[in-house]
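# Fold and geometry: a report
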Amino acid sequence: QRWLATGRASPRLVLVVVFVALLLDNILLTVVVPIVPTFLYTTEYEGANSSGGPALPEPTPAAPRAPPFSSVLSYFDNTTVPVRGFTSAVELPNGTGSSPPGHPSSTPPAPPRGCLEGGEFLAQENTRVGLLFASKALVQLLVNPWVGLLTNRIGYHIPMFTGFTIMFLSTVMFAFSGTYTLLFIARALQGVGSSFSSVAGLGLLASVYPDDSERGSAMGIALGGLALGVLIGAPFGSVMYEFVGKAAPFLVLAFLALLDGALQLCILQPSRISPESTKATPVSTLLRDPYILVAAGALCFSNMGVAMLEPTLPIWMLQTMCSPQWQLGMAFLPASISYLIGTNLFGILANRMGWLCSMIGMAVVGISLLCVPLATNIYGLIGPNAGLGFAIGMVDSSMMPIMGYLVDLRHTSAYGTVYAIADVAFCMGFAIGPSTGGAIVRALGFPWLMVVVGVLNVAYAPLCWLLRSPPAAEEKMAILSQECPMQPKSYAPKEALQEFPLTEESDAEAENME
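Once a new chain begins, its residue numbering starts again from 1 and follows that chain's sequence as written. Local features in a predicted model are, by the rule used here, given only for residues with pLDDT of at least 70; side-chain atom pairs are given and counted only at 80 or more, and totals for whole chains, interfaces and linings are based on all residues. In computing side-chain values, all of the structure's heavy atoms are included and hydrogens and water are not.

The name given to the protein in an unreviewed UniProt entry is VMAT1 protein, and the organism recorded there is Rhagologus leucostigma. UniProt positions are given in the numbering used here, feature names are shortened, and annotations may be inferred rather than shown by experiment. Note on the protein: under the UniProt heading Subcellular location (unreviewed entry), the record states "Cytoplasmic vesicle, Secretory vesicle, Synaptic vesicle membrane". In its Sequence similarities (unreviewed entry) section, the UniProt entry covering the protein states "Belongs to the major facilitator superfamily. Vesicular transporter family."

### Let's talk about the overall build of the protein
Here a strand is any run of E in DSSP of at least two residues, a helix any run of H or I of at least four, and the numbering for each starts at the N terminus. In terms of helices and strands, the protein carries 18 helices and two strands. Only protein chains enter the accessibility calculation, which uses a 1.4 Å probe; a residue is then buried when its area is under 20% of its type maximum, exposed when over 50%, and partly exposed in between. Counting across all 514 residues of the protein, residues that qualify as buried make up 51%. In the protein, the share of contacts with a sequence separation of at least 24, taken over all contacts with a separation of at least 6, comes to 82%. Contact criterion: two residues are considered in contact whenever any of their non-hydrogen atoms come within 4.5 Å of each other.

### With respect to the nonpolar core
Side-chain atoms within 4.5 Å are what join buried Ala, Val, Leu, Ile, Met, Phe, Trp, Tyr and Cys residues into a set we call a nonpolar core. The biggest cluster of nonpolar side chains holds 105 residues, and the ones touching the most others in it are Leu 309, Leu 313, Met 317, Met 399, Met 403, Tyr 419 and Phe 446. With residues up to four places along the chain from it excluded, the contact list for Leu 313 reads Ala 331, Phe 332, Val 372, Leu 381, Asn 385 and Phe 446. Counting six residues, the second largest nonpolar core, distinct from the first, contains Val 143, Val 147, Ile 166 and Val 199.

### Observations concerning the packing of aromatic side chains
Aromatic rings from Phe, Tyr and Trp, taking only the six-membered ring of Trp, are treated as a pair when their centres fall within 6.5 Å; an angle between ring planes under 30 degrees marks them as stacked, one over 60 as edge-to-face, and anything in between as tilted. For the structure shown, the criterion picks out seven aromatic pairs. Ring centres of Phe 426 and Phe 430 lie 5.0 Å apart, and the angle between their planes is 35 degrees; on these two criteria the pair is classed as tilted. Here Phe 430 and Phe 426 lie together in helix 14 (residues 416-443), a separation of four residues that amounts to about one turn. Comparing Phe 426 with Phe 430 shows no difference in burial state: the two are buried. Between the NZ or CZ atom of Arg 128 and the centre of the ring of Tyr 180, over which it lies, the distance is 4.3 Å. Either the NZ atom of lysine or the CZ atom of arginine qualifies as a charge over a ring when it sits within 6 Å of the ring centre and within 35 degrees of the ring normal. Over the face of the ring belonging to Phe 39 we find Lys 246, whose NZ or CZ atom lies 5.2 Å from the ring centre.

### Here's the deal with the packing of helix 6 (residues 180-208) against helix 14
Helix-helix packing is described using two parameters, namely the angle between the two axes and the distance between the axes. Axes here refer to lines fitted to C-alpha atoms; in helices the fit is confined to the stretch in contact. Angles between the N-to-C directions go from 0 to 180 degrees. Viewed as axis vectors pointing N to C, helix 6 and helix 14 meet at an angle of 130 degrees, and their least axial separation amounts to 9 Å. As summarised for this structure, helix 6 and helix 14 are arranged oblique, according to the angle between their axes. Here helix 6 runs over helix 14; the crossing is right-handed. Contact residues: helix 6 offers Ser 195, Ser 198, Val 199, Leu 202, Gly 203 and Ala 206, while helix 14 offers Gly 416, Tyr 419, Ala 420 and Asp 423. Here the contact of helix 6 with helix 14 is composed, by residue class, of five nonpolar, four polar and one charged. Oblique is the label for every angle not falling under 35 degrees (roughly parallel), over 145 degrees (roughly antiparallel), or within 65 to 115 degrees (roughly perpendicular). Take the far helix as your reference; a near helix turned counterclockwise from it by less than a right angle gives a left-handed crossing, and one turned clockwise gives a right-handed crossing. Nonpolar residues are Ala, Val, Leu, Ile, Met, Phe, Trp, Tyr, Cys and Pro. Charged residues are Asp, Glu, Lys and Arg, and all others, Gly as well, are polar.

Here it is as structure tokens:
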């Protein structure tokens, strides 16, 4: 009990809880990326064409359904001789002959091993898989503002535990869903749980780390959990689906989610209501703030690139590279590793030059996306995907602390609403990306999709310059101008630490200086 009492007061254990919650959320987010396209192909396309041989690669080459021994008539002694493995005989008009040994079959040659048949089905699957992936973000987009308001009224602990409960139900539903409709419902349910976990988790971190430099480091570590989830999810899902089965990865995640729930019960005490001490700024006011909109736009457009890759890259690899199933998840491994590095490296620098990190990151995102269609095999994807993940890590780890800093500087220090807006921006990228990506691929092709989203990121990057030195709110500027008439009108993040929040001690110090 003494350990739990000290743990509940420790910001580090709160950081551990948020880290684990974001980790599991994003493992579930990406574990379905390599599973869903091949699972739908196997159950729907092959089910409708069950008379033909399987088109997906199997551990052993598939053989036609014929007896292991076939009969061949011998003209030497007029007897029948069984021949192993010779399965295609063509009857002559008199019914006594067979095909020459050099031409055992009259059927057309099969496609190369690993390439999928049914080009029209795959083109339609781009759109359907994109909509399924986008359903999570669309639902999260709708729920986020309400969760932000809820956290301002009852605190962060109960919404965090609610998010865990919904995530557990979604994971179990994924494990036992066998149709597109059930998978769609499970993905949408995940969006509800993710909304509770991410908004409450980031707001909780911002409240327990009031110092901007510590907050930047904590946000970088928490986003490292997000990165680690993305890192583990796709390779874990592809390998488990290939060698164990569809339900296995989801059952493992359900067990880990139970452990996370036990951790939250011990540390957060989710039965306790602890509303924000200060009244939060209304969402409508925050949405009219141009600096918050610029930061939210950077989060949206940078993540839209990887969101468009998730449903379209595996299908493009199946069509052009004839990749086996396990490679579909491994293709995202370089992006995940570099994202993990980027978030931990640039979270520390966000307090000093977050705007510069974000501007460079968005430019690198655009250039990396333009290089993706140049790859001819999985090794050609390593460089572009690594650059993409590293650059998105730069943007995310810089913008999340900046959002909290902007609220401190220009509004009231209640963080649930602003991180709801940040999560909405993140979700808009993951909603617009997959839902429109499949349609663009079908109309223009995969290379043009990469050109469109790459140019969009490069064009948006200069707007991050506006976040270099945002001005304080008019009310706070008026107070400062009365105390220090020569004080400049704009403040860097480092100076803001000394000026805000204004307290009675700071008023006394100002009077002594005069």
